[in-house]
Amino acid sequence: MRIKKTVAALSVGVALLAAVPSAAQVIPAPEDVLGFVPGADRKLVEWPVLVDYYRALADASDRVQFRELGRTTLDAPFVALVITSAANMRRLEEIRSANLRLADPRLIASETEREELIETGKTIVLITSSIHSTEVGGHLSPTIIAHRLATESSPEIREILDNTVLLLVPSLNPDGVTIVSRWYNETLDTPAEGTGPPELYHHYVGHDNNRDWYAFTQVETQLTIDSLHNYWHPQIVHDIHQQGQNGSRFFLPPFLDPIEPNVDPLIVEGYNTLGTYMAWELTGQGKKGIVVNSTYDAWTPARSYQHHHAGVRVLSETASARLATPIDLPFEALRGGRGFDAQQSSWNFPDPWEGGHWDLGNIVDYQSSGAIALLKHAAVNRRVWLSNFVRIGERAVAGWAKWPYAYLIPRDQPNAIGLNAVLRILHRGMVEVRTAQSDFMAGGAEYPAGTYVVVLQQPYASFGKALLEPQVYPDLRLFPGGPPRPPYDVTAHTLPLLMGVDVVMVQDRFDVPLSDPVTPPEFAYRYDGLSRETNSGGLVGLYKSYSESMDEGWTRWIFDTWDIPYESIENPQMRGGGGGGDLQRYDAIVIPDMSPQAINQGLPGDVYPPQYAGGIGRAGADALRTYVEQGGTLVVFNAASMFAIDAFALPIRNVLEGLDSQEFYAPGTLFRVDLDTDHALTANMSDGAAVWFQRSPAFAITDPTADVRIVGRYPADPDAVLLSGWVLHPERVANRAAMLEARVGAGRIVLFGFRPQYRAQSIGTYPLFFNALKPHRKTSAR
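Now for a quick tour of the structure. (Residues numbered from 1 in each chain as written. Predicted model: local features only at pLDDT ≥ 70, side-chain atom pairs only at ≥ 80, totals over all residues. Heavy atoms only, no water.)

1. A word on the overall build of the protein
Our working definition: In this text, helices come from DSSP runs of H or I with a minimum length of four residues, and strands from runs of E with a minimum of two, each type numbered from the N-terminal end. Partly exposed residues are those whose accessible area sits between 20% and 50% of the maximum for their type, while under 20% is buried and over 50% is exposed, using a 1.4 Å probe and protein chains only. In this analysis, two residues are considered to be in contact whenever any of their non-hydrogen atoms come within 4.5 Å of each other. Here the Shrake-Rupley method, with its probe set to 1.4 Å, supplies the accessible areas, and only the displayed protein chains count as covering residues. We score Asp and Glu as negative and Lys and Arg as positive, and we do not count His or the chain ends. Each charge is placed at NZ for Lys, CZ for Arg, CG for Asp and CD for Glu.
When you go through the protein residue by residue, the secondary structure sums to 22 helices and 30 strands. Overall size of the protein, expressed as C-alpha extent along the three principal axes, is 80 × 70 × 55 Å. Split into buried and exposed, the 782 residues of the protein put 61% on the buried side. The contacts in the protein between residues at least 6 apart in sequence include a share of 80% that link residues at least 24 apart. Total accessible area on the protein stands at roughly 28,000 Å², and carbon and sulfur atoms take up 50% of it. Each charge class in the protein was averaged separately, 65 positive and 88 negative side chains, and the resulting centres sit 2 Å apart.

2. A closer look at the sheet that holds strand β5 (residues 236-243)
Convention followed: When DSSP finds two or more bridges between two strands, those strands count as paired. To get an axis, fit a line to the C-alpha atoms, keeping to the stretch in contact for a helix; angles then go from 0 to 180 degrees between the N-to-C directions.
Reading across the sheet, the 8 strands line up as β1-β2-β4-β3-β5-β10-β6-β8 and stay open at both edges, with mixed pairing between neighbours. With partners counted over all chains shown, the strands left at the sheet margins are β1 (64-71) and β8 (290-292), one partner each. The sheet shows a mean angle of 20 degrees between the axes of neighbouring strands, direction not considered. Two strands pair when backbone bridges link them, and strand β6 (residues 250-252) and strand β10 (residues 312-319) are joined in this way by 2 bridges, in the antiparallel orientation. Note that in β10 the partner of Phe250 across the bridge is Thr318. The strands touched by helix α3 (residues 47-60) within the sheet are β1 and β2 (77-83), with β1 carrying the most contacts at an inclination of about 140 degrees. Set on the sheet, helix α11 (residues 265-284) makes contact with β5, β6, β8 and β10; between it and β10 the angle comes to about 35 degrees.

3. Brief notes about the pairing of strand β21 (residues 588-591)
Of the two faces of β21, both are covered, the one formed by Ala588 and Val590 as well as the one formed by Ile589 and Ile591. Across 3 bridges, the pairing between strand β19 (residues 540-543) and β21 is parallel. Looking across to β21, one finds that Gly541 is bridged to Ile589.

4. Some words on the side chain of Thr633
Heads up, the condition is: Under this definition, polar contacts are N or O atom pairs within 3.5 Å; protein pairs additionally need one hydrogen-donor-capable and one acceptor-capable atom, and for neighbouring residues in sequence, both atoms have to be side-chain atoms.
Structurally, Thr633 is set in strand β22 (residues 633-637). Of note is the side chain of Thr633, whose polar atom sits 3.1 Å from the side chain of Arg748. The residues touching Thr633, leaving out its near neighbours within four places in the chain, are Asp587, Ala588, Ile589, Tyr627, Arg748, Val750, Ala772 and His776.

5. Thoughts on helix α7 (residues 137-151)
Applicable threshold: For a helix, the expected span equals 1.5 Å multiplied by the residue count minus one.
The end-to-end C-alpha separation of α7 is 21 Å, in line with the 21 Å expected for 15 residues at 1.5 Å each. Across the 15 residues that make up α7, a large majority, 11, are buried. Within α7 the residues assigned to the buried category are Gly137, Gly138, His139, Leu140, Ser141, Pro142, Thr143, Ile145, Ala146, Leu149 and Ala150.

6. A closer look at the nonpolar core
Heads up, the rule is: Think of a nonpolar core as a cluster: buried Ala, Val, Leu, Ile, Met, Phe, Trp, Tyr and Cys residues, connected wherever their side-chain atoms sit within 4.5 Å.
Counting 104 residues, the largest nonpolar core has Ile409, Val454, Phe671, Tyr714, Phe770 and Leu773 as the members making the most contacts within it. Beyond its immediate stretch of four places on either side in the chain, Ile409 contacts Leu419, Val422, Leu423, Leu426, Thr451, Tyr452, Val454, Val501, Asp502 and Val503. The next biggest cluster of nonpolar side chains, apart from the first, holds 93 residues, and it includes Ala58, Ala298, Leu323 and Ile392.

7. Comments concerning the pairing of β1
Here β1 runs beside β2; their pairing, made up of 7 bridges, is antiparallel. Residue pairing in the sheet places Gly70 in a bridge with Phe78 of β2. Following β1, the chain reverses through 5 residues before pairing antiparallel with β2; Asp75 in that reversal takes a positive phi of roughly 70 degrees.

Following this line, the structure appears as structure tokens:
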């Protein structure tokens, strides 16, 4: 795999100052390049066509600059537009430099300088679109936004251009724009028109690309963080999305509770104010079906980087059609969500949509109008945005009351790769990590020189604290005494637990000389005996369904990053394995987290073309059985464990099956698992680990004479199960098996009742996964 490097932020910043057009030119409208008006029914284009438009727009307008920030996973240009007045464009570096000082009050010499910076500064706004590529309005709305700002001369647009600098990212996932548009255009006038493609729309992580804003694993995330967030420090980030068809037409903040406890109250008030203003503005334009304070929360930093970097993130979610194909929805088909009923007026949903025709033109209209409303608020309230921005930084540098003074990260850790990963995440997130220059005492204990120290009196201490501490998610219910109210995503994000790294919180101040902030060294992800350089010819097979699985994509990314030899096994190969012979070349076959139904049945044959329809079926299950019986290793993650239990008639049951959320609930949580350290699968592990539990099984062995061994189990004490996040009734899993090895014939099945490679973040449990892949056969059939 060719590893793509993130473009250095400094180089990008200099490039953004390239010369503007020297002479007036005719400014092209989007339809001049795209061939249709954005929002036209059943019309989508691939990414290169959109890039051509943005280049042409920048060439013709002195308000627009086009810059390529780097290359995507599949080597497409990753681009941004800078849009502001021609006068601001001429002093762009001066504006950016002033904003950097506002972002870090330690760089401001006096109150007079502070006031001058606020008086002359501009609101920096970052608008991002189309991270989720089936949300196709986001492919096109940026063309409307950019064209309006490049061509209009109304007082409203002039004020926006004079008082803001807009960084517009037309797509956070350019590869997906092409994948989805190509699939859509190929399937027009077929039963598959308007469906999602039979592959992940981000090459590795699909929809999870919007869950990468603290782990920074994907090149598109890195480019956005390094070249835009950390280089410009925007006060406002607007993230354009789409939602389902049957609810509100448009969502805006306020978000639902809970708020992440380390987010400054000024940020919360900022996105509350801005979201409700946008809703007010769009309702005044006659747009119906706008809801605030419903459905979405802002708990995890995985989706809200800017909330921990002194700015607000405003999420908008517009109702979808069938990609670019219109739909008709009767009023009776509308459904509500958490916090509102789409058929009833309420304080946060005052003007319901009456149902009817909904198309891509509606989507583009709502999205582009919302963006202009946001920019209007940013321009009119420029001084308030900048004043509060610097105030947030001042409070962070002074330190929040009741926060600990620092976190200590010992240098001597058994998991050196996990340690380096933690340091690299903190560094990319602009958290200052220093080293102690002498031995010292802190919290009643002695620590050696070289210990890493994160003092929580710095501009982005919020980001560091949120990631270093265990999460205590509140017990929220749909109604008093009722079922739990689900989080929008997950409830835990504790880096030390995920990475298998020890961290110490110290409440009181201590004295020790500290270094300047350190930069972690470059390092290569490798696992002895499995990565290519130490691999003696082993090969892994990874099941890749056309019913796309993000867990498969994450696993594939890990294999590529750790240089582990593997091949993808698709349904035809699995079904045509004829007695398992074609599968015997693999030392291990991995089935990622997928439901048994998705594995067995796949995509529906009455909708998708024949080459993509169906799953592995009975033929594939039989081939896997032969493969294992002849000595192969089958590794199954999370829900796929239930497929293996059924297909192989294993004497194992899921003790959580059939329980409702009031009987047991753990929505994306870190649990402790005690490991059998005498087992080969636990090599390079300690006697306990933090594992990722999300829609997971817990196992009981139903036949004590069966050749099934418990490799890891949850603690017998229910109070010891939860490490971070939220769980109801942990006694349901206490003392139950979390990881099993079942012998079948000459081979084995390794069942993980969790995801040991969760979103490429759980490095602490990678050894369990990697050990299962190592050859265990006495002879090889290859």
